[in-house]
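Residues per chain, in single letters:
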Amino acid sequence: MQALRTAATGMAAQQLNVEVISNNIANMNTVGFKKQRAEFEDLLYQNMEQVGAQSSDQGNIVPTGVQIGAGVKSGSVYRITTQGTLTTTGNQLDLAIDGRGFFEVQLPTGETAYSRAGNFSVNDQGQLVTADGYLIQPAITIPQNATGITISQSGQVQVTQPGSQTPAVVGQMQLATFVNEAGLEAIGNNLFLESAASGAAVTGNPQTEGFGKLMQGYTEASNVDPVSEITALIVAQRAYEMNSKVVTTADQMLATAANTKTA
Amino acid sequence: MDNAIYVGLSRQIVLQRALDIAANNLANTDTTGYKFEELMTNPEPVTTARTVGISSPVVFVVDAGVARDFTQGSMLQTGGPLDVAIAGRGFFQVSTSGGMRFTRDGRFKLDPAGKLVTQDGDAVQGEGGDIVLDPKKGPVTISPSGIVSQNGERVAKLSVVDFPDLSVLSKDGNNSYANPTGVVPLPATSATLQQGMLEGSNVRPVTQITRLIQINRAYDAMANMINGAADLSKSAVQRLGSTNP
């Protein structure tokens, strides 16, 4: 019975849906997190009677064929890269990107990863690093005796040092953008890698054309909207339940068929 | 005599197919742009084996086709800049390797070259062919009439077409419809586009669940009838065959 397999595809799809929603809810408070959405498509159709088939030699055409669908499949899990709200923290090493772009992060392997999480710190050598201690590219070193750090919206990093009236420029932040941001490969720890689907990284300074601006003292909250996630969870649970009803019905019908008198 | 069993069987076969269709509807309650289907049946009168003297027409049930309900699905707000819903009649045109396809699923994306594509990576058609966007040029706006612009500058116009007779369309999977008879689509007149929205599936779960119950009960009833007919012929054989009635 096709209905049993069709219902199974429906249940599997809703299970994936719940997994994606639970990951969104779990990361509600993750800096720079972008919510994901499971996307579904209908599966292949079996043509029992082709649409437009001729039903007689006189050229009569079947008005609507008999097409039986095989259920649902998950097309993709799509990342929605809308802006998260900017939250003020007052920490002078917290940076949020308002607009397009990713920070470039050097992984211990030497590869470049990309991140929207701007909750930075300095390591023992005074270098600007992520929460996991990975270096920001291009590397920026804050002098030990710096009393204040100012990062402008266009990414210029200035420090004030004792005995000097004018702030000294110690570096320039850079951002990377992609044609298809949703196509980046997530590797955890708020990091993404370039992929064939994302296109090549285009780097540039903040606040230039196509790049967002930097906001010092802010972090970008996740763009997860708890209310819509919870309603999506309810819908997913009910859809799962309804598909299980199909399984029950198909099972009862098979039992009826099996109990038909044979003699 | 056996006609009753065969008529019952024809109904049971149709009911199984109806269940397959209801199962597909329920599996797709969460599929963007999905349109629910219902099996249509026809009475099929046949000439019976024994018609001498009496007219006892026997009518089988056969499936005649699948009716597709194209009513508008509910609109869901997503806020995605490349999510587009069609309100009213119409389909987006998508160019695939298998030819032109039509869809109401407006979950579009950009490919690495900036081309507007569907979930499966097939190019969404504008009135002048593929639509290529430059994300650097700023946010994308899509007007209700389908004009795609960036920074107030017109880039393309989404092609939205309609068919006077929707029954020519054949479902092709991946939320798309094929046009096997080659009818030329017309530009949609009543459709308006809504950016940041998606059209949900138009499956009404309550109807489908009651349909399941109905199918189940009808199947049961047919099984009872078949059992009754079998009992009848059994006792007939016993009584008529008995040498000492």
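Starting afresh in each chain, residues are numbered from 1 along the sequence in its written order. In the order they appear in the text, chains get letters beginning with A and ligands get numbers beginning with 1. Per-residue local features are limited, in this predicted model, to residues with pLDDT of at least 70; the limit for side-chain atom pairs, both in listing and counting, is 80 or more; totals at the level of whole chains, interfaces and linings are taken over all residues. The side-chain numbers reported here are obtained from all heavy atoms of the structure, hydrogens and water having been left aside.

1. Points about the pattern of salt bridges
Thought 1: Salt bridges, as used here, are contacts in which a Lys or Arg side-chain nitrogen is within 4 Å of a carboxyl oxygen on Asp or Glu. Overall, the coordinates contain 20 salt bridges over all chains when judged by the stated rule.
Thought 2: Residues participating in the shared-partner salt-bridge network are Arg37 and Glu39 of chain A together with Asp83 and Lys109 of chain B.

2. Quick notes on the packing of aromatic side chains
Thought 1: In summary, the pairing rule links any two rings of Phe, Tyr or Trp, Trp by its six-membered ring, whose centres are within 6.5 Å, and it sorts them by plane angle into stacked for under 30 degrees, edge-to-face for over 60 and tilted for everything else. Within this structure, the stated rule accounts for 10 aromatic pairs over all chains.
Thought 2: Ring centres of phenylalanine 91 of chain B and phenylalanine 163 of chain B lie 6.2 Å apart, and the angle between their planes is 70°; this geometry places the pair in the edge-to-face category. You can see phenylalanine 91 of chain B sitting in strand β5 (residues 91-96) and its partner phenylalanine 163 of chain B sitting in the loop between β14 (160-162) and β15 (170-171), a full 72 residues away along the chain.
Thought 3: Members of the aromatic cluster, connected to one another through ring pairs, are Phe70, Phe91, Phe102, Phe163 and Tyr177 of chain B.
Thought 4: In this scheme, Lys NZ or Arg CZ marks a charge over a ring once it lies within 6 Å of the ring centre and within 35 degrees of the ring normal. We note lysine 109 of chain B situated over the ring of tyrosine 78 of chain A; from NZ or CZ to the ring centre the distance is 4.5 Å. Put simply, DSSP marks the helices as runs of H or I at least four residues long and the strands as runs of E at least two long, and each gets a number from the N terminus on.

3. Examining the sheet that holds strand β13 (residues 153-157) of chain B
Residue and element names in this part refer to chain B.
Thought 1: Strand pairing requires that DSSP identify at least two bridges connecting the strands. Pairing within the open sheet is antiparallel, and its 3 strands lie in the order β11-β12-β13. The open sheet terminates on both sides in strands that have one partner only, identified here as β11 (140-142) and β13. Neighbour to neighbour, the strand axes of the sheet diverge by 30° on average, direction disregarded.
Thought 2: As paired elements, β11 and strand β12 (residues 147-150) share 3 bridges and run antiparallel to each other. In this analysis, axes come from line fits to C-alpha atoms, helices being fitted only over the stretch in contact, and the angle between any two N-to-C directions falls in the range 0 to 180 degrees.

4. Some thoughts on the domain arrangement of chain A
Residues and elements named next belong to chain A.
Thought 1: For the domains described, the bounds stem from an automatic or database domain assignment. Per the domain assignment, the segments making up chain A are domain 1 (2-81 + 224-255) and domain 2 (86-220).
Thought 2: Computed over C-alpha atoms, the centres of domain 1 and domain 2 are 40 Å apart.
Thought 3: Residues are treated as being in contact if the distance between any of their heavy atoms lies within 4.5 Å. On the domain 2 side, the residues contacting the 7 residues of domain 1 number 12 residues.
Thought 4: Summed over both partners, the accessible area (1.4 Å probe) lost when two parts come together is defined as the buried area. Across the interface of domain 1 and domain 2, roughly 820 Å² is buried in total on both sides, 53% from carbon and sulfur atoms.
Thought 5: Run the count over domain 1 and domain 2 and you get 1 salt bridge.
Thought 6: In this structure, the salt-bridge partner of glutamate 220 is lysine 34, at a minimum N-O distance of 2.5 Å.
Thought 7: N or O atoms within 3.5 Å of each other form a polar contact, as long as, within protein, one can give a hydrogen and the other can take it, and as long as residues adjacent in sequence are counted only when both atoms are side-chain atoms. Summed over the shared surface of domain 1 and domain 2, the result is 5 residue pairs in polar contact (both at pLDDT 80 or more).
Thought 8: Side-chain classes are defined by residue name, with Ala, Val, Leu, Ile, Met, Phe, Trp, Tyr, Cys and Pro counting as nonpolar, Asp, Glu, Lys and Arg as charged, and the others, Gly among them, as polar. Here the side of domain 1 that touches domain 2 is built from residues that sort into 2 nonpolar, 3 polar and 2 charged.

5. Considerations on the domain arrangement of chain B
Residues and elements named next belong to chain B.
Thought 1: Assigned domains of chain B: these are domain 1 (2-71 + 203-241) and domain 2 (75-199).
Thought 2: Computed over C-alpha atoms, the centres of domain 1 and domain 2 are 39 Å apart.
Thought 3: Listed as interface residues are 9 residues of domain 1 and, on the opposing side, 12 residues of domain 2.
Thought 4: Interface area for domain 1 against domain 2, summed over the two sides, is near 900 Å², with a carbon-plus-sulfur share of 51%.
Thought 5: Run the count over domain 1 and domain 2 and you get 2 salt bridges.
Thought 6: Glutamate 199 serves as the salt-bridge partner of lysine 35, at 2.6 Å between the closest nitrogen and oxygen.
Thought 7: Here domain 1 is connected to domain 2 by 5 residue pairs in polar contact (both at pLDDT 80 or more).
Thought 8: Its residues assigned to classes, the side of domain 1 that touches domain 2 shows 2 nonpolar, 4 polar and 3 charged.

6. A word on the sheet that holds strand β12 (residues 148-151) of chain A
Residue and element names in this part refer to chain A.
Thought 1: Across the sheet, 3 strands lie side by side as β12-β13-β14; this open sheet has antiparallel pairing. Strands at the two margins of the open sheet, each flanked by one partner only, are β12 and β14 (168-172). Averaged over all neighbouring strand pairs, the angle between strand axes comes to 25°, with direction disregarded.
Thought 2: Where strand β13 (residues 156-160) lies against β14, 4 bridges are found, and the strand directions are antiparallel. Along β14, the bridge assignment pairs valine 157 with glycine 171.

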